[in-house]
Amino acid sequence: MKVLVINAGSSSLKYQLINVDNGEVIAKGLCERIGIEGSMLTYKPEGKGKFEFKQDMKDHTDAIRMVLDALVDPEIGVVKSMDEIDAVGHRLVHGGEKFNKSVIITDELIKEMEVLTPLAPLHNPANLMGVRACQAIMPNTPMVGVFDTAFHQTMPPKAFLYGLPYEAYKEHMVRRYGFHGTSHMYVSQRALTKLDMPKEDTRIITCHLGNGSSISAIKGGKCVDTSMGLTPLEGVPMGTRCGDMDPAIVTYLMERLNLDKKGIDNYLNKKSGMLGISGVSSDFRDLEEAANNGNERAQLALDTFCYKVKKYIGAYAAALGGVDAIVFTAGVGENDRGVREKVLSGLEYLGVDVDFDFNNSCPRGEEVEISKPTSRVKVFVIRTDEEMMIARDTAALTAK
Ligand code: AMP
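Procedures and definitions
Residues numbered from 1 in each chain as written. Predicted model: local features only at pLDDT ≥ 70, side-chain atom pairs only at ≥ 80, totals over all residues. Heavy atoms only, no water. Pairing = 2+ DSSP bridges. Helix = DSSP H or I, 4+ residues; strand = E, 2+ residues; numbered from the N terminus. Near = heavy atom within 4 Å. Polar contact = N/O pair within 3.5 Å; in protein donor to acceptor, adjacent residues only side chain to side chain. Areas by Shrake-Rupley, 256 points an atom, 1.4 Å probe, with all protein chains shown as cover. Nonpolar A, V, L, I, M, F, W, Y, C, P; charged D, E, K, R; others polar. Contact = heavy atoms within 4.5 Å. Axes fitted to C-alpha atoms, helices over the stretch in contact; angles between N-to-C directions. Parallel < 35°, antiparallel > 145°, perpendicular 65-115°, else oblique. Left-handed = near helix turned anticlockwise from the far one by under 90°. Buried < 20%, exposed > 50% of the residue type's maximum accessible area, 1.4 Å probe, protein only. Arc of directions from axis to C-beta. Phe/Tyr/Trp six-rings, centres within 6.5 Å; stacked < 30°, edge-to-face > 60°. Lys NZ or Arg CZ within 6 Å of the ring centre and 35° of its normal.

Student: Hey, could you go over the pairing of strand β5 (residues 51-54) for me, with residue numbers and the actual values?
Tutor: Looking at chain direction, strand β4 (residues 40-45) and β5 are connected through four bridges and run antiparallel. Directly across from Thr 42, in β5, lies its bridge partner Glu 52. Linkage of β4 to β5, two consecutive antiparallel strands, is achieved through a turn of five residues, within which Gly 47 is found at a positive phi near 75 degrees.

Encoded structure:
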């Protein structure tokens, strides 16, 4: 079964065509600058190189049309006709409390997503543009929505409630939802296959560390807590997002810096985190390089990040009543050996015994165990694959 996975942002659209039966990625790519001058489609059919097409895309419908044209192209295409695409799986960011699993996309679901738009004002409308574009061009192909928030819906109220009046939750939907759920689910499921113990007893902490970062506590395969909140701003400091802080800082800085709502939102989402602390970059590769060249603020940003990740691991070990496995994933978690070393050193008291030599030399892009064979807590580096998870869910819901 062939599933087209779509991850639509406001001006970009990532896609992958996946054969779910054998796990093969048949083609993948990206549409950039949709609705902006200089639009471009990148198309990578498996084994046939990489192609770039510069052509105006005035909206997401134009973008999807270009993607499909490339996929069915007689020379560089990978399928004979659109009919070979059995289903489309859409990454949808915010499913609120309504969606605790993936669902077939219907008009009703689109209306529900619109109700949730205030919770994800940038993401949900962009995701829906991708859905509508596919519906317009492939009206007879079934579509599935896979929510970033769904995996976290198993959190108990004590974990998802904030210390606010209960009405904030009941009337205004203010609670912890969590994000990166598809990634946390994928890597925790992979870790489960590596733990020689009954699933219901397992306690796993998954660290999705990338440009955006979140950490989850997973008991018996179900999420019981996660670091991102109502929005993806909460948790550890990220590339440009501030992460946890005293909420009073918001009004304090609005006054001191004369910022309006938009101004403070931009300050906390775009100017903070690693970029804000270091003044160098939001990219961990740049930070590592600058720190190695003696830049103290780059080093401070890295130290702050690793310290906060370590604190979450401690907190979640307490929430889970111990820990059997810690998983590192996403751009930083999979690649930045220095971050992993700094986060994991000093956790011996928890039963974490890492082979730091192997951590520094292990192959990238593979699933590896970096703890010593005798370590009570297993530490894994697992490449995340949200697209595969979306494709599998889509296939499961639409298979005839
Ligand atoms: P993601 O959001 O998962 O795509 O991750 C993006 C982040 O991963 C960026 O901050 C990159 O700097 C970081 N990253 C990617 N490759 C490496 C690497 N080899 N070493 C350190 N950080 C990396």
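Student: Before we move on, can you summarise the site of the ligand with the specific residues and values?
Tutor: Surrounding the ligand, one finds Gly 210, Asn 211, Ser 282, Asp 283, Phe 284, Arg 285, Ala 330, Gly 331, Val 332, Asn 335 and Asp 336. The backbone of Arg 285 places a nitrogen or oxygen atom 3.4 Å from an oxygen atom of the ligand. Compared with its free state, where it exposes 500 Å², the ligand has 72% of that area covered by protein. Looking at the shell around the ligand, the elements with two or more residues in it are α10 (284-292) and α12 (330-335). Element by element, the count of residues in the shell around the ligand is highest for α12, at four residues. Within the shell around the ligand, the residues separate by chemical class into three nonpolar, five polar and three charged.

Student: Outline the environment of Asn 293, listing residues and values.
Tutor: Looking at the element boundaries, Asn 293 is found in the loop between α10 and α11 (296-320). When the C-alpha atoms of Asn 293 and Asn 22 are compared, they prove to be 46 Å apart, with 271 residues separating the residues in sequence.

Student: So what about the sheet that holds strand β3 (residues 24-32)? Which residues, and what values?
Tutor: With mixed pairing, eight strands are arranged side by side in an open sheet as β5-β4-β3-β2-β1-β6-β8-β7. Across the chains shown, the open sheet's two edge strands, defined by having one partner strand only, are β5 and β7 (103-104). Together, β1 (2-8), β2 (13-19), β3, β4 and β5 form the strand contacts of helix α1 (residues 60-72), whose direction differs from that of β4 by roughly 30 degrees.

Student: With reference to specific residues and values, describe the side chain of Asp 385.
Tutor: Considering the arrangement of structural elements, one finds Asp 385 in the loop between β14 (378-381) and α15 (386-398). Looking at Asp 385, its side chain comes within polar contact range of the main-chain nitrogen of Met 388, at 3.1 Å.

Student: Tell me about the sheet that holds strand β12 (residues 325-329), and please be specific about residues and values.
Tutor: Neighbouring strands of a sheet are bound in pairs by backbone hydrogen bonds; such pairs are parallel or else antiparallel. The mixed open sheet is built from six strands, whose spatial order is β11-β10-β9-β12-β14-β13. At either margin of the open sheet sits one strand with a lone partner, and together these are β11 (222-226) and β13 (368-369). With five bridges joining them, strand β9 (residues 203-209) and β12 adopt parallel strand pairing. Bridged to Ile 205 within β12 is Ile 326. Sitting on the sheet, α11 is in contact with β9, β10 (213-219), β11 and β12, with an inclination near 160 degrees to β9.

Student: Tell me what's going on with the packing of helix α2 (residues 107-115) against helix α3 (residues 123-137), and back it up with residues and numbers.
Tutor: Across the interface, α2 lies against α3 with an axial gap of 10 Å and an inter-helix angle of 160 degrees. By the angle between their directions, the pair α2 and α3 is classed as roughly antiparallel. The two elements α2 and α3 meet at a crossing, and its hand is left-handed. From α2, Ile 110, Met 113 and Glu 114 reach across to α3, where they touch Asn 124, Leu 128, Val 131, Arg 132 and Gln 135. Partitioned by chemical class, the residues of the contact of α2 with α3 number four nonpolar, two polar and two charged.

Student: Could you give an account of α10, with specific residues and numbers?
Tutor: Buried within α10 we find Phe 284, Leu 287, Ala 290 and Ala 291. Projected down its long axis, α10 shows its buried positions confined to an angular sector of 125 degrees, all on one face. Opposite the buried face of α10, at more than 90 degrees from it, the exposed residues are Arg 285, Glu 289 and Asn 292. On the buried face of α10, the contacting elements are α9 (273-278), α11, α12 and α13 (337-344). Structurally, the start of α10 carries an N-cap: the backbone nitrogen of Arg 285 is 2.8 Å from a side-chain oxygen of Asp 283. Gly 294, located one to two residues past α10, shows a positive phi value of around 95 degrees.

Student: Mind laying out the packing of aromatic side chains, listing which residues take part and the relevant values?
Tutor: What characterises a pair of aromatic rings is the spacing of the ring centres plus the angle enclosed by the ring planes. According to the stated counting rule, one finds six aromatic pairs in the structure shown. When the centroid spacing of 6.2 Å and the interplanar angle of 35 degrees are considered together, the rings of Tyr 43 and Phe 51 count as tilted. By relative accessible area, Tyr 43 is classed as buried at 0%. Seen in terms of ring centroids, Tyr 166 and Tyr 169 are 5.6 Å apart; in terms of plane orientation they differ by 70 degrees. Their pairing is edge-to-face. Placement of both Tyr 166 and Tyr 169 in helix α5 (residues 166-172) is noted, with a separation of three residues, approximately one turn of the helix. Using a relative accessible area of 47% as the deciding quantity, one classes Tyr 166 as partly exposed. Clustering of aromatic rings is evident, with ring pairs tying together Phe 160, Tyr 166 and Tyr 169. Against the face of Phe 160 rests Arg 175, its NZ or CZ located 3.6 Å from the ring centre. Its guanidinium or amino end placed over the ring of Tyr 177, Arg 175 lies 4.9 Å from that ring's centre, counting from NZ or CZ.

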